[in-house]
Amino acid sequence: MWTLLQTPPPPPPCGVQNPYSTYRPRRISIAFGHSTGSSNSVGKSINFCNYNDSIQSFCKKGQLKEALQLLSQEPNPTQRTYELLILSCSEKRSFYDGLTVHRKLIDDGFEQDPFLATKLINMFSNFDSIDHARQVFDKIYNRTIFLWNAFFRALTLAGHGVEVLDMYRHMNAIGIIPSDRFTYTYVLKACVVASLPNHKEIHAHIFRHGYHTHIHIMTTLIDVYARFGSVQNATCVFSQMPQKNMVSWSAMIACYAKNGKPLEAFDLFRDMMTHVLLPNSVTMVSVVQACAALGALEQGKLLHGYILRKGLDSILPVLSALVTMYARCGALELGRRVFDQMGKRDVVAWNSMISSYGIHGFGAKAIETFREMIRHEVSPSPISFVSVLGACSHAGLVEEGKQLFDSMWKEHKIYPSVEHYACMVDLLGRANQLEEAAIIIQDMRIEPGPKVWGSLLGSCRIHCNVELAERASRRLFELEPTNAGNYVLLADIYAEAKMWDEVKQVRKLLEAKGLRKVSGCSMIEVKRKIYSLQSVDEINIQIEQIHALLIKLSMEMKQNGYVPDTRIVLYDLEEEEKERILLGHSEKLAVAFGLINSSKGDPIRISKNLRLCEDCHSFTKLISKYTNREILVRDINRFHHFTNGVCSCGDYW
């Protein structure tokens, strides 16, 4: 028997490189023997045991076990055979079979095949086995850009963003320049996973290597800027894109919607429609979220109609967004109707309904919906508990909240996160159980972050607990040195305690750090148009008429017992001046604007970017009574539904 080497394949055409091709000599056995015929004739028999076609056929049919049985009998599996075996293991979610194929692949000399190594890394990534993916990557010498990309993807999905960024720097240091869009896409996503603002550096690399006109890369860049809150940079990238597709427009709309710029999201949506681009479900989710942020019910109804006409009403994320939108626009019953008509509900849909009841102060209904979700065998997510605990907090359901918190690990094996502890601190703090809230923080097994300390400080503001407020603010000043809201809250507490020297010290600290208090801003929808009013508003053409109406209403209500709550004014001024400042609050301006411009009997719907102050709350209750108008105000925490001099919150907010 002689052994011959198979002839190598011909080289590719000039200038063409195949990064996946790896030549591996294969041995073919040829047996020579005498035939039964003439003595001069020599008979030749070639012994081929080739099961490659059968193995590949089994893989395509999903018959992995049969394919593996034949693999043990095939002496020369091909690259295509191993490719289909790896894909079949991944599709079957069979980690053990994947390891078997990997070992056989190594035994057959394919360990250095970059094409198969890429497939292996993707397979192990799908199995959430980053260690095996790393072993494949580390052992191969000829690393193609596709191999780097596969490993970057695996690391990013596994949450190893920092390692991706380190390897990207190493790749650049050894002179490997990304030759396709996927490298930059994965590295940008790694910045988000690692919570490291390296995206500007990557942006520079993209520009330097000529990928700044690539639509997919720039769309990813918009999304990353949005996630880091860099709205201006995202806008700049979007405006400079030579071409835009539906994904690009959707990413920019989502950037505005998720970063507190709902009006800009609406304007961009209208602009997109003028470009004759039909929005998809992702776009509609972002626009509906923007509508929810504005509290624009009429606009929301128009969007709902469009969703129905375009057949997007079977898509769960769209329906969940509609449930939330209706609730945040004050039409809770419409949100419930959408929820009830859903043929299928995932945990996101249930969370939307639970949080909707929560922001309206219906804590018992939120708990009932949470339990109904469990009866339907839908497992609660961490967000489910944030929603239901928040609902308990707004309704003062302390014992129920404690029981739910305890059930997280005992019944559902969900370990409480910082957000859940913040909910518990808020729940206890609002109920004036501040010492117990402080004990929870002290006993936390994880580091309390700004959310936890912020919840405690907010509760101290409600109950004017100076000692605990100072303790919480000290930690917050260390954790969030540029968050002006923490300084303002502490100053509020000092002002209510009439500690004017301390108020001045906090104000000086604000000035020294160059920080400014966030101005109050209220949105109101009148006749399908959205208007924004700020505490110091000199732009509105009706501002004089608004102020005149507020002064008139204030004087009339004083005659009927209204006393302005001037404690919340942080300046040591005369009472008359304090009252003038109070009348300039944005929610009062919005109420007056609504009274002037809406039809008699129409509800007035307002959304505010800050917490409703005590004086505006009392003022609006009386306005609802004396003008016989229904007024709905959604502040940063919850809904206040004013009718006939009574608020739905029961003065507990």
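Residues numbered from 1 in each chain as written. Predicted model: local features only at pLDDT ≥ 70, side-chain atom pairs only at ≥ 80, totals over all residues. Heavy atoms only, no water.

Colleague: So what exactly am I meant to see when it comes to the UniProt feature "repeat: PPR" (unreviewed entry) in the protein here?
Modeller: This chain's UniProt record puts "repeat: PPR" (unreviewed entry) on residues 245-279 and 346-380. The annotated region residues 346-380 carries 74% helix and 0% strand content, and the separation between its end C-alpha atoms amounts to 10 Å. (UniProt positions renumbered as here; feature names shortened; annotations may be inferred. Helix = DSSP H or I, 4+ residues; strand = E, 2+ residues; numbered from the N terminus.)

Colleague: Would you take a moment to explain unusual backbone geometry for this structure?
Modeller: Apart from glycine, the bulk of residues carry a negative phi angle, and the bulk of peptide bonds sit in the trans form. For Ser195, which is not glycine, the phi dihedral falls at a positive 55°. As for its placement among the helices and strands, Ser195 is situated in the loop between helix H9 (181-194) and helix H10 (199-208). Look at Ser195 and you get exposed, because its relative accessible area is 56%. A positive phi angle, near 65°, is found at Arg528, a position not held by glycine. Relative to the elements of secondary structure, Arg528 occurs in the loop between strand S4 (521-526) and strand S5 (529-534). (Buried < 20%, exposed > 50% of the residue type's maximum accessible area, 1.4 Å probe, protein only.)

Colleague: Looking at this structure, how should I read the UniProt feature "domain: DYW" (unreviewed entry) in the protein?
Modeller: UniProt annotation of "domain: DYW" (unreviewed entry) refers to residues 561-653 when read in the numbering used here. Annotated as 37% helix and 17% strand, the span residues 561-653 places its first and last C-alpha atoms 23 Å apart.

Colleague: I tried to follow the sheet that holds strand S8 (residues 639-643) on my own but got confused; where do I start?
Modeller: Spatially, the six strands line up as an open sheet ordered S5-S4-S6-S7-S8-S9, and their pairing is mixed. Every other strand in the sheet has two partners, leaving S5 and strand S9 (646-647) as the edge strands with one partner each. With four bridges connecting them, strand S7 (residues 631-634) and S8 associate as antiparallel partners. By the bridge assignment, Leu632 is partnered in S8 with His641. Running over the sheet, helix H31 (residues 586-597) touches S4, S5, strand S6 (604-608) and S7 and is turned about 15° from S4. (Pairing = 2+ DSSP bridges. Contact = heavy atoms within 4.5 Å. Axes fitted to C-alpha atoms, helices over the stretch in contact; angles between N-to-C directions.)

Colleague: Just checking my understanding: could you explain the packing of helix H6 (residues 130-139) against helix H7 (residues 145-157) for this structure?
Modeller: Between two packed helices, the angle of one axis relative to the other and the distance separating the axes together describe the packing. Across the interface, H6 lies against H7 with an axial gap of 10 Å and an inter-helix angle of 160°. Between H6 and H7, the angle falls in the class roughly antiparallel. Crossing of H6 over H7 shows left-handed handedness. Touching Ile130, Ala133, Arg134 and Phe137 of H6 are Leu147, Trp148, Phe151, Ala154 and Leu155, all from H7. Of the residues belonging to the contact of H6 with H7, the class tally is eight nonpolar, no polar and one charged. (Parallel < 35°, antiparallel > 145°, perpendicular 65-115°, else oblique. Left-handed = near helix turned anticlockwise from the far one by under 90°. Nonpolar A, V, L, I, M, F, W, Y, C, P; charged D, E, K, R; others polar.)

Colleague: Just to check I follow, could you spell out helix H8 (residues 161-173) for this structure?
Modeller: Count 3.6 residues to each turn of an α-helix, and residues three or four apart come out pointing the same way. Across its 13 residues, H8 extends 19 Å between first and last C-alpha, which sits within 8% of the 18 Å expected from 1.5 Å per residue. Considered for burial, the residues of H8 that qualify are Gly161, Val164, Leu165, Met167, Tyr168 and Met171. Down the axis of H8, the buried set is contained in an arc of 165°. They therefore lie on one face. Those residues of H8 hidden inside the fold are in contact with H6, H7, H9 and H10. Gly175 sits one or two residues past H8 and shows a positive phi near 90°. (Expected span 1.5 Å × (residues − 1). Arc of directions from axis to C-beta.)

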